[in-house]
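Take a look at the letters that make up each chain.
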Amino acid sequence: MTEENRKTDVAVDEEQPELKIPDTLPLLPVRDIVVFPYMILPLYVGRELSINAVNEALATSRMMFLVAQKDQTVEDPAPEDLYKVGTVVTVIRMVKMPDQRVKILVQGLAKARVREFVGLKPFLKVSVEQFAEGAEGKGMESEAVVRTVREQMAKMMEKGRNVSPDILAVAESLDEAGKLADLVASNLGLKVEDAQAVLEISQPEERLRKVSDLLGRELELITIQEKIQTQAHDELTKTQKEYFLREQMKQIQKELGDVDDRMAEINELKEKIEKAKMPEVIAKEADKQMRRLAKMHPDSAEATTVRTYLEWLLDIPWSVRTEDAINIPKAKKVLDEDHYNLEKIKQRILEYLGVAKLKKDMKGPILCFLGPPGTGKTSLGKSIARALGRKFVRMSLGGVRDESEIRGHRRTYIGALPGRIIQGIKQAGSNNPVFMLDEIDKLGSDFRGDPSSALLEVLDPEQNHSFQDHYVGLPFDLSKTLFITTANLADTIPPPLRDRMEILSLSGYTEEEKLEIVKKYLMPRQLEAHGLSPKNIKFTPEAIREIINSYTREAGLRNLEREVATICRKHALKVAEKKTLSVVITEKNVHNYLGPAKFLREGEKERPQVGVATGLAWTQFGGEIMHIEVTTMKGKGGLTLTGSLGEVMRESAQAAYSYCRANAKKLGIPEDFAKNTDVHVHVPAGSIPKDGPSAGITIAVALASALSGRPVRNDVAMTGEITLRGRVLPIGGLKEKTLAAMQAGVTSVIIPVNNTGDLQEIPDYVKKNLKFIPVKTVGAVIRHALDGKAEAEEKKSATKKTRKPPARKKG
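One structure accompanies this document, and this report is about it. Only a predicted model underlies this, so the values are computations on that prediction, with no experimental measurement involved.

How each quantity is defined
- Residues numbered from 1 in each chain as written.
- Predicted model: local features only at pLDDT ≥ 70, side-chain atom pairs only at ≥ 80, totals over all residues.
- Heavy atoms only, no water.
- Helix = DSSP H or I, 4+ residues; strand = E, 2+ residues; numbered from the N terminus.
- Rg over C-alpha atoms; globule rule 2.2 N^0.38 Å.
- Buried < 20%, exposed > 50% of the residue type's maximum accessible area, 1.4 Å probe, protein only.
- Contact = heavy atoms within 4.5 Å.
- Areas by Shrake-Rupley, 256 points an atom, 1.4 Å probe, with all protein chains shown as cover.
- Lys, Arg positive; Asp, Glu negative; His and termini not counted.
- Charge placed at Lys NZ, Arg CZ, Asp CG, Glu CD.
- Phe/Tyr/Trp six-rings, centres within 6.5 Å; stacked < 30°, edge-to-face > 60°.
- Pairing = 2+ DSSP bridges.
- Axes fitted to C-alpha atoms, helices over the stretch in contact; angles between N-to-C directions.
- Core = buried A, V, L, I, M, F, W, Y, C linked by side-chain atoms within 4.5 Å.
- Salt bridge = Lys/Arg side-chain N within 4 Å of Asp/Glu carboxyl O.
- Expected span 1.5 Å × (residues − 1).
- Arc of directions from axis to C-beta.

**Notes on the overall build of the protein**
Step number 1: Check the secondary structure of the protein and you find 27 helices and 28 strands.
Step number 2: Relative to a compact globule of 811 residues, whose C-alpha radius of gyration would be 28 Å, the protein shows 50 Å and is clearly more extended.
Step number 3: Dimensions of the protein, computed from C-alpha atoms along their principal axes, come out at roughly 170 × 95 × 65 Å.
Step number 4: When the 811 residues of the protein are sorted by exposure, 46% land in the buried category.
Step number 5: Taking as baseline every contact in the protein between residues at least 6 positions apart, the subset at least 24 positions apart corresponds to 73%.
Step number 6: For the protein, the computed accessible surface area is about 42,500 Å², with 50% contributed by carbon and sulfur atoms.
Step number 7: One finds the centroid of the 123 positive side-chain charges in the protein at a distance of 15 Å from the centroid of its 115 negative side-chain charges.

**Examining the packing of aromatic side chains**
Step number 1: Counted under the stated rule, the structure contains four aromatic pairs.
Step number 2: Residues phenylalanine 435 and phenylalanine 483 carry aromatic rings whose centres are separated by 5.5 Å and whose planes lie at 35° to one another, so their mutual orientation is tilted. Residue phenylalanine 435 is located in strand E11 (residues 434–438), and its partner phenylalanine 483 is located in strand E14 (residues 482–487); the two are separated by 48 residues in the primary sequence. Taken as a pair, phenylalanine 435 and phenylalanine 483 share a single burial class, namely buried.

**Overview of the sheet that holds E11**
Step number 1: Ordered in space as E10-E11-E14-E9-E15, the five strands form an open sheet in which the pairing is parallel. Two strands bound the open sheet, and with one partner strand each, they are strand E10 (392–396) and strand E15 (502–505). Direction aside, the axes of adjacent strands within the sheet are offset by 20° on average.
Step number 2: In terms of strand pairing, E11 meets E14 through four bridges, oriented parallel. Bridge pairing in E14 links phenylalanine 435 to phenylalanine 483.
Step number 3: Contacting strand E9 (366–370), E10, E11 and E14, helix H12 (residues 377–388) runs over the sheet at an angle of about 175° to E11.

**Topic: the nonpolar core**
Step number 1: Met64, Phe65, Leu66 and Ile104 are the most contacted members of the largest nonpolar core, which totals 62 residues.
Step number 2: Core analysis: the next-biggest nonpolar cluster, separate from the first, contains 51 residues, Ile349, Leu350, Met436 and Ile517 among them.

**Concerning the sheet that holds strand E24 (residues 716–718)**
Step number 1: Read across the open sheet, the seven strands follow the order E21-E22-E20-E19-E24-E27-E28; overall the sheet is mixed. The open sheet has two free edges, formed respectively by strand E21 (639–642) and strand E28 (771–775), since each of these has just one partner strand. Looking at each pair of strands side by side, their axes are set apart by 30° on average, direction ignored.
Step number 2: Across four bridges, E21 lies against strand E22 (residues 677–682) in parallel orientation. Across the sheet, threonine 642 pairs through a bridge with histidine 682, a residue of E22.
Step number 3: Here helix H23 (residues 696–708) sits on the sheet and contacts strand E19 (612–619), strand E20 (622–634), E22, E24 and strand E27 (748–752); the angle it forms with E20, its principal contact strand, is near 30°.

**Observations concerning the pattern of salt bridges**
Step number 1: Applying the stated criterion to the full structure yields 26 salt bridges.
Step number 2: Linking arginine 115 and glutamate 129 is a salt bridge whose minimum nitrogen-to-oxygen distance equals 3.7 Å. Taken together, the residues span a long stretch of sequence, with arginine 115 in strand E7 (residues 102–119) and glutamate 129 in strand E8 (residues 125–130) at a distance of 14 residues.
Step number 3: Taking the relative accessible area as the measure of exposure, glutamate 129 reaches 34% and is therefore partly exposed.
Step number 4: Here glutamate 302 ties to arginine 292 by a salt bridge, and the two come within 2.4 Å at their closest N and O atoms. Of the two residues, glutamate 302 sits in helix H9 (residues 301–315) while arginine 292 sits in helix H8 (residues 280–295), which places them 10 residues apart along the sequence.
Step number 5: Arginine 292 sits in the partly exposed class, given a relative accessible area of 31%.
Step number 6: Counted as one network, the salt bridges with shared partners bring together Lys332, Asp336 and Lys346.

**Regarding the side chain of lysine 690**
Step number 1: Note on placement: lysine 690 falls in the loop between E22 and H23.
Step number 2: Here lysine 690 is buried and forms no salt bridge, its nearest opposite-charge partner aspartate 691 lying at an N-O distance of 11 Å.
Step number 3: Apart from residues no more than four positions distant in its own chain, lysine 690 is found in contact with Met626, Gly643, Ser644, Leu645, Gly646, Met649, Val683, Pro684 and Ala685.

**Notes on helix H2 (residues 140–158)**
The α-helix winds at 3.6 residues per turn, so residues separated by three or four positions along the chain end up facing the same way.
Step number 1: With 19 residues, H2 should reach 27 Å at 1.5 Å per residue; the first-to-last C-alpha distance of 27 Å fits that figure.
Step number 2: Among all positions of H2, only Ser142, Val145, Val146, Val149, Arg150, Gln152, Met153 and Met156 are buried. Down the axis of H2, the buried side of the element spans an arc of 160°, and every buried residue falls inside it. Turned more than 90 degrees away from the buried face of H2 sit Met140, Glu141, Arg147, Glu151 and Glu158, all of them exposed.

**Observations concerning the pairing of E8**
Step number 1: Pairing between strand E3 (residues 24–30) and E8: three bridges, direction antiparallel. What sits directly across from threonine 24, in E8, is serine 127.
Step number 2: Here E7 runs beside E8; their pairing, made up of six bridges, is antiparallel. Bridge pairing links glutamate 116 to serine 127 in E8.
Step number 3: What sits between E7 and E8 in their antiparallel hairpin is a turn of five residues.

Take a look at the structure:
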């Protein structure tokens, strides 16, 4: 059952005879509307129960009871689904429709309330009582409410809402508050809940006040709606006006032969696109974006975004490249001018140039310079770019945690930009620069993504020919770019990323190398930086060695250069004050500039001691010497390990202790020492964490010395991993460790026999100053490290071999 029309006729007769309502009436549930007294409206009836109710009304008194449903979606309403207060109506006319429905015309007579439901089938039948109306108000307040409602109705009609002049005329003739409230409520198109609330109010004046509130709310909504529509219309009118004015201006300028700034910008972009020599795919996208821009309002936000995108497309060097200066002797000279030694890396660059000379379209290699800080990794990248004649771009990856730093942001974001790879290419102005990714081992990751995963495509020669930045959204060829990465540690680089790079290791510099670097590179640079000339200050070789050994202890050169700069700075002050013009820095006066020595040999290192052995360690800053101390005391065979030792190093100590117990007799140790002796192993500098297996033989020697009472030679250092069977396994970082041993004044280094192949990387002068002793077993280590017995035995053995055997007697 649906309402045909919300605009209803009204029949108001002030002199109606008293209405007689039967005690029981058929009930007709209605949806979407609340019927008020005096309303005349058509209804369509389709439900079987409702049609039966209509037929019953026509067969009897033609009266029915109309009640609104609480939920419109219920098809077969039960008594609890209906309101209790409704309107008694009379059926004026009924017409049967072709679709089995009936159309009835009803008129509201009076309000009534349901007493009880008499029957549910074949139609709803209820017992009703007439709704008691309160007395009409006669005071000024009641008249004021009536006038207010009339004025509100007039305003509604002025604003073109659903109030007809006929309804307004009837309202003007009504002075009774109840009838006026019912008339207005039935023509406002209220929600069912609001209309039912009005219907159920018995006091006429109170009912009219409720209607007045609803009218006021409706008028307020109409006012706000009109305001919004007016603003939208004004904005649209303004935009249309500007558009028409611009179009007129274009036509005027066209007639005068002038071109406006807008068209000039579009034409300029078009010329740039044609001159940029972009690949076909890129040029097609640029042309598409340019045509989009031409159709947009120049001041719109989207036009600014498209304009910025086009500028980036034009600035990226899609087809611009620098020709490689493939002159191998000249490149070698440039590399030698900038860096001392580093022959392995220089050779690799020269090999690249050799292949590039034979194969023009070769892909750029992905090199990774791995080494301690201050060894010249970053500056080496600049020298390679100079040797090749290419542009150089450096990008620091330290602390980068956002994947968008590499790939860029998508253009949908405000302030989006390409990633730093594309920005670096734009900065270089060519598509084949030397691109250095500095500190690749210090990449981070968080909720914003993993930058190391984004670099997988960048650093893969098989993929980077079509690298797509999120902002640009088009493929860019990175295969011609020579990528060089730097790192201090290989362990923190993710394995998939490490697998894509060719790792070239830079070891720490030796004392001789540092001496030459100071003479050829650091001194001239610092003299120029401080406004001095070679006449003002000179360094003797002994002074430089003193600075290297007593004021720095590092694999690189940064602290060494700082100390040289300190001396130059102090002398520059004296020159500025005209106290002295020239000075020679010697081993004796260097402390006047740098203060007391920072690194001194400790007394315990200058003589053999029981239970103290010298080991060698590798750190990311180069090699270090490491003293391991062992002491014994009465106890029950306990082993204590201190010195911030890691799990691997603690296990090495346990293995060394077990070896000493198992081979006590061979090592000259009391076999029952574990019953009444506690052992304490300590590695000094307890605040510094230490780990690794290469201290195994050093711990074994210190244990054997402490338990047997024999001192350890003070001129011997050692490195190697130990097994329970007493074998010595190979270790890494041999060059750095031997350099540290030489700086500490050690003369002999015990190494695993399997590391003898690594001696090729050791400089010749280091081999001359150090004696390398390859060993296979811990027993051999102990023989060489304790008491010097091994040397004595070797000399004795050599003497026996050279002595002539006694002559045989004849006969």
